[in-house]
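Here is how the chains run, residue by residue.
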Amino acid sequence: MIKNNIVTSSIKKRIIDILEENKDKRITGSTIAKRLDVTRSYVSKAIKELQTDGYDIIAENRVGYIYQNDVKVLKADAIKGKLTSDYEVIILDEVDSTNRYLKELAKNSTLKNILVVANQQTGGRGRLGRTFVSNKASGIYMSLLVRPDIPIHLVKKVTCMVSVATANAIDKLANTTTSIKWVNDIYLNKKKICGILTEGVALAEENKMEYIVIGIGVNCYHQDFGEELSKKATSLEDELHICISRNALISEIANQISFYFNDFERQSKLFMKEYKEKSFIIGMNVELQKGSSTTFAKVIDINDEGELIVEDEFHKIKSFSSGEITRTILK
Ligand code: BTN
């Protein structure tokens, strides 16, 4: 009998096998304990871990467990099985940041395309030095390492392309219509469900990128964002009352991105048109922050370079290639 209290992955695997044999039926903790020659409290601890890994197991007080499904569980095979292009897939249970991890890996790897997915990030990074809340088994925390053969002047369009690819993937799998907030946040019902952080290293003197790391975070399941953040952020489950398969959505996002990278220059006409169509801030009055300066302006357009064209409060037309819309103002 196992005496110490550390739940091993092999025991977890054996418990899942037993639960699967009894799917949708009640099974007692003592039955599982007897079959594995462990204590009931050990089983209870293991089940709690499986629940936080994403397994949908109902624990009925003193009566037993009912296993329903593993829709929320990350699985490398399920992701790989649906990928249409060649990626080395790495799944991590926990990491500080998949972008940081992948940039480190890129230094020592000659692999062309790598996809890293984590079940949880302890230091998820957002744009402008912010953090990205990455609760365990609650969202998609993925980074793609790509080495696209595109000239430097087109690289700034990658961010727009990733926004369109991700928004389209979400729309397809969640059967919904998301919109984009310049530069690259994805919104549903006026709240943020997805953030994107693209980082790259250029090859000196070659007019192209050595690599680009594309980090994407999607809030999939109901979770505690805290009082402040929950005013601005939401999840697909909260808005649409669905439990999407993270595996399917990860593959779809990677596939859509590969599609646009294939013949990027020609595709850019298509995705920049889609980017504009999905942008909800055109025509709105906004507060725009760039560095330490704030501009109050009306958004006139987004041009083919992905720049925001605004008319400021003194009726001057200005363009912004970066910055942050901190507020939309109703007039
Ligand atoms: C933002 O909202 O400002 C961008 C958020 C980007 C979050 C993703 S989650 C996966 C990848 N790893 C990170 O540390 N950040 C990105």
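Residues numbered from 1 in each chain as written. Predicted model: local features only at pLDDT ≥ 70, side-chain atom pairs only at ≥ 80, totals over all residues. Heavy atoms only, no water.

## Overview of the site of the ligand
Then, in step 1: Contacts to the ligand come from 19 residues, most closely from Ser97, Gln121, Arg125, Arg127 and Lys192.
Then, in step 2: Contact between the ligand and Ser97: an oxygen atom at 2.8 Å from a side-chain N or O atom of the residue.
Then, in step 3: Between Gln121 and the ligand, the recorded distance is 2.9 Å, taken from a side-chain N or O atom to a nitrogen atom.
Then, in step 4: Relative to its free-state accessible area of 410 Å², the ligand is covered by the protein chains to the extent of 98%.
Then, in step 5: Spatially, the ligand is embedded in the largest pocket.
Then, in step 6: Elements with a minimum of two residues in the shell around the ligand: helix H5 (98–108), strand E6 (139–146), strand E9 (191–203) and strand E10 (208–219).
Then, in step 7: Residue contributions to the shell around the ligand peak at four residues, all from E9.
Then, in step 8: Broken down by class, the residue content of the shell around the ligand amounts to six nonpolar, ten polar and three charged. (Near = heavy atom within 4 Å. Polar contact = N/O pair within 3.5 Å; in protein donor to acceptor, adjacent residues only side chain to side chain. Areas by Shrake-Rupley, 256 points an atom, 1.4 Å probe, with all protein chains shown as cover. 1 Å grid on protein atoms, 1.4 Å probe; cavity = no way out; pocket = protein on both sides within 12 Å on 5 of 7 lines; lining within 4 Å. Sits in = over half its atoms within 2 Å of the grid points. Helix = DSSP H or I, 4+ residues; strand = E, 2+ residues; numbered from the N terminus. Nonpolar A, V, L, I, M, F, W, Y, C, P; charged D, E, K, R; others polar.)

## Structural notes on the nonpolar core
A general feature of soluble globular proteins is that nonpolar side chains tend to end up buried together.
Then, in step 1: Counting residues in hydrophobic clusters, the biggest one holds 62 residues, and the most contacted among them are Leu115, Trp182, Ile214, Ile216, Val218, Ile257 and Leu308.
Then, in step 2: Of all the elements, helix H6 (residues 152–174) adds the most residues to this core, at twelve residues.
Then, in step 3: Counting 21 residues, the second-largest nonpolar core is a separate cluster that includes Val7, Ile11, Tyr42 and Ile57. (Core = buried A, V, L, I, M, F, W, Y, C linked by side-chain atoms within 4.5 Å. Buried < 20%, exposed > 50% of the residue type's maximum accessible area, 1.4 Å probe, protein only.)

## With respect to the environment of Ala118
Then, in step 1: Locating Ala118 in the fold gives a position in strand E5 (residues 114–118).
Then, in step 2: The class for Ala118 is buried, based on a relative accessible area of 0%.
Then, in step 3: Taking the C-alpha atoms as reference points, Ala118 and Lys136, 18 residues apart in sequence, are found 8.9 Å from one another.
Then, in step 4: Other than its neighbours up to four places away in sequence, Ala118 contacts Leu74, Leu92, Val95, Thr98 and Tyr141. (Contact = heavy atoms within 4.5 Å.)

## A look at the sheet that holds strand E13 (residues 308–312)
Neighbouring strands of a sheet are bound in pairs by backbone hydrogen bonds; such pairs are parallel or else antiparallel.
Then, in step 1: Strands sit in the order E14-E13-E12-E11-E15 across an open sheet of five strands; the sheet is antiparallel. In this open sheet, the two strands that pair with only one neighbour each are strand E14 (317–320) and strand E15 (324–329). Taken pair by pair, the neighbouring strands of this sheet meet at an average axis angle of 45 degrees, ignoring direction.
Then, in step 2: Where strand E11 (residues 285–290) meets strand E12 (residues 293–302), six bridges bridge the pair, whose relative direction is antiparallel. Counted as the bridge partner of Leu288 is Thr295 from E12. (Pairing = 2+ DSSP bridges. Axes fitted to C-alpha atoms, helices over the stretch in contact; angles between N-to-C directions.)

## What to know about the pairing of E11
Then, in step 1: Where E11 folds back onto E12 in an antiparallel hairpin, the turn is made up of two residues, including Gly291, whose phi is positive at roughly 60 degrees.
Then, in step 2: Note: E11 against E15, five bridges, orientation antiparallel. Paired with Gln289 across the bridge in E15 is Glu324.

## Focus: the layout of surface pockets
Then, in step 1: Here the largest pocket defines a volume of roughly 1100 Å³.
Then, in step 2: If you go around the largest pocket, you meet 41 residues; those closest to its centre are Lys181, Asp185, Tyr187, Lys192 and Lys232.
Then, in step 3: Looking at the lining of the largest pocket, the elements that each hand over two or more residues are H5, E6, strand E7 (179–181), strand E8 (185–188), E9, E10 and E15.
Then, in step 4: The biggest single contributor to the lining of the largest pocket is E15, with five residues.
Then, in step 5: Grouping the constituent residues of the lining of the largest pocket by class yields 15 nonpolar, 14 polar and twelve charged.
Then, in step 6: Considering only enclosed or pocket space, the second largest pocket measures out at about 490 Å³ in volume.
Then, in step 7: In this structure, the second largest pocket is lined by 17 residues; those nearest its centre are Ile16, Asp53, Tyr55, Val73 and Leu74.
Then, in step 8: Contributing elements (two or more residues each) for the lining of the second largest pocket: helix H1 (9–21), helix H3 (40–53) and strand E4 (88–92).
Then, in step 9: Of all the elements, H1 adds the most residues to the lining of the second largest pocket, at six residues. (Points joined across faces, edges and corners; volume = space filled by probe spheres on them.)

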